[in-house]
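What the coordinates show
Residue strings, one per chain:
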Amino acid sequence: MAQHLESVTKARIPSISSLINKSIDELEAELSHLGRPVAIDAGAQLYTILELCRAFDRVFKEHLDGGYCCKLYLFSLAFY
């Protein structure tokens, strides 16, 4: 009985390994879609928050420099 169980288990190892690898690939794809992990310690969280603020500041400045904000205001006045 033990030898039969051993032979059945050995025969199924490749399919089990394949299933595990497929699951790992699917999970890694889902994680990459969700984005990078959030930092655990306070210093890393602060760094992430500052990165987001810098990115927002840059985009906001580009809109102000490009006149996007003023163009919207003038456009809204034209239809008032």
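Scroll up a little and you will see the structure.
Remember, predicted model here, so these are calculated numbers, not experimental data.

**Section: the overall build of the protein chain**
When helices and strands are counted, the protein chain shows 3 helices and 0 strands. Put simply, the protein chain runs from its N terminus to its C terminus through helices and strands in the order α-α-α. By the burial criterion, 2% of the 80 residues in the protein chain qualify as buried. Carbon and sulfur atoms make up 68% of the accessible area of the protein chain, which totals about 7800 Å².

**Topic: the pattern of salt bridges**
Across all of its chains, the model carries 3 salt bridges by this definition. With a closest N to O distance of 3.1 Å, K10 and E6 form a salt bridge. Within this pair, K10 and its partner E6 are both found in helix α1 (residues 2-34), separated by 4 residues, close to a single helical turn. Note on K10: relative accessible area 53%, which makes it exposed. With relative accessibility at 43%, the residue E6 sits in the partly exposed group. K61 is paired through a salt bridge with D65; the nearest N and O atoms lie 2.6 Å apart. Pair noted here: K61 and D65 are both in helix α2 (residues 42-65), with a separation of 4 residues, about one helical turn.

About the criteria used
- Residues numbered from 1 in each chain as written.
- Predicted model: local features only at pLDDT ≥ 70, side-chain atom pairs only at ≥ 80, totals over all residues.
- Heavy atoms only, no water.
- Helix = DSSP H or I, 4+ residues; strand = E, 2+ residues; numbered from the N terminus.
- Buried < 20%, exposed > 50% of the residue type's maximum accessible area, 1.4 Å probe, protein only.
- Areas by Shrake-Rupley, 256 points an atom, 1.4 Å probe, with all protein chains shown as cover.
- Salt bridge = Lys/Arg side-chain N within 4 Å of Asp/Glu carboxyl O.

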